[in-house]
Amino acid sequence: MTLTFEDFPPGRFGTFGPRHVTRDEILAFAAEFDPQPMHLDEEAAAKSMLRGLSGSGWHLCSLMMRMMADGFITRAASLGSPGVDEVRWLSPLRPGDDLTLDVDVLEARTSKSRSELGIVKFKCTVRNAQGQALGEMTSPILIKRREGAA
């Protein structure tokens, strides 16, 4: 079943995951995209403000996007997104973390210029197994409306 704009009323949409994160994943992502010592070297990471090896915030964003895609975006009549309103990294991503993603709909409105689509603003919060929020992202997504809804 394809999810349309009408399937995203304001409120809690769902929780997705878990997604296990390994040390090797953290090191591979950092080596390729964010080669800072706190993401690559355990000794340097222990001396950093993060106090231990941690995944890049960009890695966390990539994991959030994958969890959103697996959870609902690939089943939605999504037309893409005009961007991200806010991203916040709240706590370090650690090797061995099991992540879940809480997805809330903050706002859902029909487009003023294109009545066949709506704009849904999502707030996604990624948490570790202890329930600690590691990151948040707020982003609008353009989603087709049901046939005849316009």
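Residues numbered from 1 in each chain as written. Predicted model: local features only at pLDDT ≥ 70, side-chain atom pairs only at ≥ 80, totals over all residues. Heavy atoms only, no water.

## Observations regarding the nonpolar core
Applied cut-off: What we call a nonpolar core is a set of buried Ala, Val, Leu, Ile, Met, Phe, Trp, Tyr and Cys residues that are connected through their side-chain atoms within 4.5 Å. Working definition: with a 1.4 Å probe on protein chains only, accessible area under 20% of the residue-type maximum means buried, over 50% means exposed, and in between means partly exposed. Here a helix means four or more residues in a row that DSSP labels H or I, a strand means two or more in a row labelled E, and each is numbered from the N terminus. Contacts are assigned to residue pairs that have any heavy atoms within 4.5 Å of one another.
Judged by nonpolar contacts, the single largest core of 28 residues is most densely connected at Phe8, Phe72, Leu99 and Phe122. Sorting the residues of this core by element identifies α4 (57-71), β4 (98-110), β5 (117-127) and β6 (133-144) as the ones contributing at least two each. In terms of residue count, the dominant contributor to this core is α4 (5 residues). Contacts of phenylalanine 72, omitting those with residues within four sequence positions, involve Leu3, Phe8, Phe13, Phe16, Val103 and Phe122.

## A few points about the layout of surface pockets
Rule in force here: Only protein atoms enter the 1 Å grid used here. Points where a 1.4 Å probe fits but cannot escape make up a cavity, open sets with protein on both sides within 12 Å along at least five of seven lines make up a pocket, and a residue lines them when an atom lies within 4 Å of a point. Grid points are joined across faces, edges and corners, and a volume is the space filled by probe spheres set on the points. Residue polarity follows a fixed list, in which Ala, Val, Leu, Ile, Met, Phe, Trp, Tyr, Cys and Pro are nonpolar, Asp, Glu, Lys and Arg are charged, and the others, Gly among them, are polar.
In this structure, the largest pocket encloses a volume near 250 Å³. Together, 18 residues line the largest pocket, and His39, Leu50, Gly55, Gly57 and Trp89 are the ones closest to its centre. For the lining of the largest pocket, the secondary structure elements donating two or more residues are α2 (37-40) and α4. Top contributing element to the lining of the largest pocket by residue count: α4, with 3 residues. Residue composition of the lining of the largest pocket, grouped by class: 10 nonpolar, 7 polar and 1 charged.

## Some points on unusual backbone geometry
For the bond running from glycine 17 to proline 18, omega is 5 degrees, close enough to zero to count as cis. Within the element layout of this structure, proline 18 appears in strand β1 (residues 11-20). With a phi angle near 55 degrees, arginine 51 is a residue other than glycine that sits in the positive phi range. Relative to the assigned elements, arginine 51 resides in the loop between α3 (42-47) and α4.

Fair warning: the whole summary comes from geometry, so function is off the table for now.
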